[in-house]
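Spelled out, the chains give:
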Amino acid sequence: MTTKDHPLVARAHRLAHDVLAPLAERVDQEGVPKSHIDAIRRSGLLGVGAPQAYGGWAAPAAVARRTGEILAGACCSTWFVQTQHHTPVATLARGEGPVRERLLGPLARGELLSGVAYAHLRSYPRTPVRVTGERGGWRFDGTVPWYTGWGLNDVMLLAGVTKGGEVVFAFTEAREQPGLRASEPMRLAALTASRTVSLELDGLWLPQDAVALHMPYEEWAVTDRAKTVDTSPAVFGITEAALAPLDEATAQPLRTRLEEIRGRAYALADLPLTSERMAERLALRIRAAELMRTATTAGVVAGGGRSLSLTGTAQRLAREALFLLVQGQTAESRGAHLEVLVADAAPAGPA
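**Observations regarding the overall build of the chain**
The helix and strand tally for the chain stands at 13 helices and 8 strands. Taken against the 2.2 N^0.38 rule, which gives 20 Å for 351 residues, the C-alpha radius of gyration of the chain at 20 Å falls within 12% of a compact globule. Across its three principal directions, the C-alpha atoms of the chain cover 70 × 50 × 45 Å. The contacts of the chain with a sequence gap of at least 6 include a subset with a gap of at least 24, amounting to 73%. Roughly 16300 Å² of accessible area belongs to the chain as shown, and the carbon and sulfur atoms make up 57% of that amount. Taking the average place of the 38 positive charges on the side chains of the chain and the average place of its 37 negative ones, the gap between the two points comes to 2 Å.

Below is the structure:
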């Protein structure tokens, strides 16, 4: 079975065409509705990579990437809420213990939706969230700067760092409770609809059987680095959506570049991460981001004054592209991208 023939790809196309795309501009202004999340639950897409033994599809990475492209191109805010879910599923699938048996099935079948609160780990050795052993479990203190899907998620995968430099990932309910308080939803230039908040942790206690992962930070960071150098499928999804309404003369050269960059980026993503390939993967991430920026700008230019209306697709895609330029960003990827931008702006040498 090819990727395009997989049942989940067909379901993603139907969901995008019938539900997400027709309401994307409205959702952008009003927020992701529970009905969108319910539709995704019914589609089976929340279990795309989950083990079949727990009710998931165990689909190839190519299927997960393609469905991500389709959802992001139709409604990036909805894509962003549901994409958080796949890291908790993957974490449980690789782990063991009580929390796996308690949550992996409901998450794989879409009965529960999970968010994540761990991006702050990438600021280490700064520790926005500190974890301390207490009463046979773990106490979490500090601030989670970004948490997406508040009010839509059922559970969250929360992470912090111990004094000894170990990371602890544990599940808790995604609601206010003793030791956990959420801010008001943030007003953002893009993806305000994703219901993103910050979380204040003041003595949140979680039992040992809620822990899904516990390891030295350096060991976790090696695996995490692959996520920060690989291109998000959403970048290609937004690029495709921006090119769709353009005339063929404008779109075709950009579409050719899209196919070339996407093919190389995904081929590298399927290989083991090595230091030799790290720079190449990051370079492709930057090339993909610049192509997305060009495609969405072309959409705004082609639409003229109509592009500035909040009911217009071109401006929404352009703002979503701004969001994806920094999503998953690290100091390394930021520096490399800025170097490319400065180099492109430098005057040409003498002929």
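Further notes follow.
**Considering the pattern of salt bridges**
Per the stated rule, a full pass over the model turns up 28 salt bridges. Residue Asp28 is joined to Arg319 by a salt bridge in which the shortest nitrogen-to-oxygen separation is 2.5 Å. With Asp28 in helix H2 (residues 24-30) and Arg319 in helix H12 (residues 313-326), this pair connects stretches of sequence that are 291 residues apart. Summarising the burial analysis for this pair, Asp28 and Arg319 share the class buried. Notably, a salt bridge pairs Asp154 with Arg41, separated by 3.0 Å at the nearest N-O pair. With a gap of 113 residues between them, Asp154 in the loop between strand E3 (137-148) and strand E4 (155-162) and Arg41 in helix H3 (residues 34-43) connect regions that are remote in the sequence.

**Digging into the packing of helix H9 (residues 233-243) against H12**
Contact geometry for H9 and H12: axes closest at 10 Å, N-to-C directions at 160 degrees. As judged from the angle between their axes, H9 and H12 are roughly antiparallel. Seen along the crossing, H9 lies across H12 with a hand that is left-handed. Residues Ala234, Val235, Ile238, Ala241 and Ala242 of H9 lie in contact with H12, whose contacting residues are Leu317, Glu320, Ala321 and Leu324. Taken together, the residues that form the contact of H9 with H12 break down as 8 nonpolar, no polar and 1 charged.

**Brief notes about H3**
All of the buried residues in H3 are His36, Ile37, Ala39, Ile40, Arg41 and Ser43. Tucked inside the fold, the buried residues of H3 contact helix H1 (7-20), H2 and helix H5 (76-83). Two residues or fewer past H3, Gly44 is found with a positive phi of approximately 90 degrees.

**Looking at unusual backbone geometry**
Between Tyr124 and Pro125 the backbone carries a cis peptide bond, its omega angle lying at 20 degrees. Positive phi, close to 55 degrees, is recorded for Arg195, a residue that is not glycine. Position of Arg195 among the secondary structure elements: in the loop between strand E6 (180-182) and strand E7 (196-207).

**Section: the nonpolar core**
In this structure, Leu15, Val32, Trp79, Phe236, Ile238, Met292 and Leu324 are the most contacted members of the largest nonpolar core, which totals 58 residues. Not counting residues within four places of it along the chain, the set of residues in contact with Met292 comprises Val235, Ile238, Thr239, Ala321, Leu324 and Leu325. Core analysis: the next-biggest nonpolar cluster, separate from the first, contains 24 residues, Leu92, Leu104, Tyr118 and Phe171 among them.

**Topic: the packing of H9 against helix H10 (residues 248-269)**
For the pair H9 and H10, interaxial distance at closest approach is 11 Å and the crossing angle is 165 degrees. Relative to H10, the element H9 is oriented roughly antiparallel. The element H9 and its partner H10 pack so that their crossing is left-handed. Of H10, the residues touching H9 (which contributes Pro233, Phe236, Thr239, Glu240 and Leu243) are Ala251, Leu254, Arg255, Leu258, Ile261, Arg262, Ala265 and Tyr266. Of the residues contributing to the contact of H9 with H10, the split by class is 9 nonpolar, 1 polar and 3 charged.

Conventions we followed
- Residues numbered from 1 in each chain as written.
- Predicted model: local features only at pLDDT ≥ 70, side-chain atom pairs only at ≥ 80, totals over all residues.
- Heavy atoms only, no water.
- Helix = DSSP H or I, 4+ residues; strand = E, 2+ residues; numbered from the N terminus.
- Rg over C-alpha atoms; globule rule 2.2 N^0.38 Å.
- Contact = heavy atoms within 4.5 Å.
- Areas by Shrake-Rupley, 256 points an atom, 1.4 Å probe, with all protein chains shown as cover.
- Lys, Arg positive; Asp, Glu negative; His and termini not counted.
- Charge placed at Lys NZ, Arg CZ, Asp CG, Glu CD.
- Salt bridge = Lys/Arg side-chain N within 4 Å of Asp/Glu carboxyl O.
- Buried < 20%, exposed > 50% of the residue type's maximum accessible area, 1.4 Å probe, protein only.
- Axes fitted to C-alpha atoms, helices over the stretch in contact; angles between N-to-C directions.
- Parallel < 35°, antiparallel > 145°, perpendicular 65-115°, else oblique.
- Left-handed = near helix turned anticlockwise from the far one by under 90°.
- Nonpolar A, V, L, I, M, F, W, Y, C, P; charged D, E, K, R; others polar.
- Core = buried A, V, L, I, M, F, W, Y, C linked by side-chain atoms within 4.5 Å.

Take it as geometry only, folks, not as evidence of what the structure does.
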